[in-house]
Amino acid sequence: MTEYKHIVVEKTDAIGWITINHPERYNAFDHATIREMGDAFEAFGFDPTVGVVVLTGAGKAFSAGGYLADLANFSVTKARQLFASAGRTLSLMRHIPQPVIAMVNGFAVGGGNELVICSDLAIASEEARFGQTGPRIGSSPVYGATNLLAMTVGEKKAREVCYMCRQYTAQEALEMGWINKVVPASELRAEVIRWCEELLDKSPAYLELSKVTSNVWWDMLTPAMAHAQQTLLRLAGGEEMTEGAGAFMQKRKPDFRRFRK
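Here the structure is a predicted model, which means the values were calculated and not measured. (Residues numbered from 1 in each chain as written. Predicted model: local features only at pLDDT ≥ 70, side-chain atom pairs only at ≥ 80, totals over all residues. Heavy atoms only, no water.)

Asker: Can you help me understand the pattern of salt bridges in this one?
Answerer: Evaluation of the coordinates by the stated rule reveals 13 salt bridges. Where Glu 160 meets Lys 157, a salt bridge forms, and the shortest distance between an N and an O atom there is 3.0 Å. Of the two residues, Glu 160 and Lys 157 both sit in helix 7 (residues 155-164), three residues apart, roughly one turn of that helix. The residue Glu 160 makes a salt bridge to Arg 166 at a minimum N-O spacing of 3.7 Å. (Salt bridge = Lys/Arg side-chain N within 4 Å of Asp/Glu carboxyl O. Helix = DSSP H or I, 4+ residues; strand = E, 2+ residues; numbered from the N terminus.)

Quick look at the structure:
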């Protein structure tokens, strides 16, 4: 099996496990991390002995999204690498033949929440929190939150999530249809394994067919995401992104009002 530096990849029976392994930064991902995640999804996708793949985070967070220490000193070159790897990873999650379950053990915000959106199923701890951070830090969640999320929570609520950058409890997310189930933290892994075992009793060929035909909205939205990526590339390193990411790292409130002039 490939050696990974930023994630932990395991296989237990017919279940593939991918764990983002940067608990010291709440599993925020940079280009190298999201690239390794894509490699792991691709490897599991080609493994006929794997029937379901679980994505989670080490420590107390699922993922805080993009690593803002990098975003504060962004460049178009770095943006191309990050966005290309992110797009590849999310597309693989949607297109590998196995169902992908997000095991949400803590914060799933920003790009971390988009990993949840792009998973086939999501099971969360009562301690989990969900939300987007885009306009609050000088970015926009174009890989699922501004588009695919509306298919589950409704357009107005999805716009609220993306514009207001608030956080929502696991129970609130469940009630909106954002996730599938909420359990106590101590029961999370066992509950995920129960769902995996139930899926493993299903026909792999017809699970794949069901997944392919469930991707209709994602596939239709792909061109819009590609166009949005080009816009993000041109905004990378701009004053508003630098102000948002820098303010976050400095633990202060960003001053975006000065850009309205």
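Asker: Before we go on, may I ask you to explain the pairing of strand 5 (residues 100-104) in this structure?
Answerer: Among the five residues that make up strand 5, five are buried, leaving the element largely enclosed by the rest of the structure. Of the two faces of strand 5, both are covered, the one formed by Val 100, Ala 102 and Val 104 as well as the one formed by Ile 101 and Met 103. Pairing geometry for strand 3 (residues 52-57) and strand 5, over three bridges, is parallel. Each residue of the ladder has a partner; that of Leu 55, found in strand 5, is Ala 102. The sheet contact formed by strand 5 and strand 7 (residues 121-125) spans four bridges and is parallel. Note that in strand 7 the partner of Ala 102 across the bridge is Ala 122. (Buried < 20%, exposed > 50% of the residue type's maximum accessible area, 1.4 Å probe, protein only. Pairing = 2+ DSSP bridges.)

Asker: Looking at this structure, I do not really get the sheet that holds strand 1 (residues 7-12). What am I missing?
Answerer: Two orientations exist for strands paired in a sheet by backbone hydrogen bonds: parallel and antiparallel. Strands sit in the order 1-2-3-5-7-10 across an open sheet of six strands; the sheet is mixed. Each end of this open sheet is capped by a strand with a single partner; those strands are strand 1 and strand 10 (181-183). Taken over all neighbouring pairs, the strand axes of this sheet differ in orientation by 20° on average, direction set aside. As defined by bridge partners, strand 2 (residues 15-20) adjoins strand 3 across six bridges and the pair is classed as parallel. Residue pairing across strands places Ile 18 opposite Leu 55, the latter belonging to strand 3. (Axes fitted to C-alpha atoms, helices over the stretch in contact; angles between N-to-C directions.)

Asker: Before we go on, may I ask you to explain the sheet that holds strand 6 (residues 107-109) in this structure?
Answerer: Taken in spatial order, the four strands make up an open sheet running 4-6-8-9, and their pairing is mixed. Unpaired on one side and paired on the other, strand 4 (61-63) and strand 9 (167-169) mark the two borders of the sheet. Going from strand to strand, the sheet's axes swing by 20° on average, the running direction of each strand aside. Pairing analysis gives three bridges linking strand 8 (residues 129-131) to strand 9, with the strands arranged antiparallel. Across the sheet, residue Arg 129 finds its bridge partner in strand 9, namely Thr 169.

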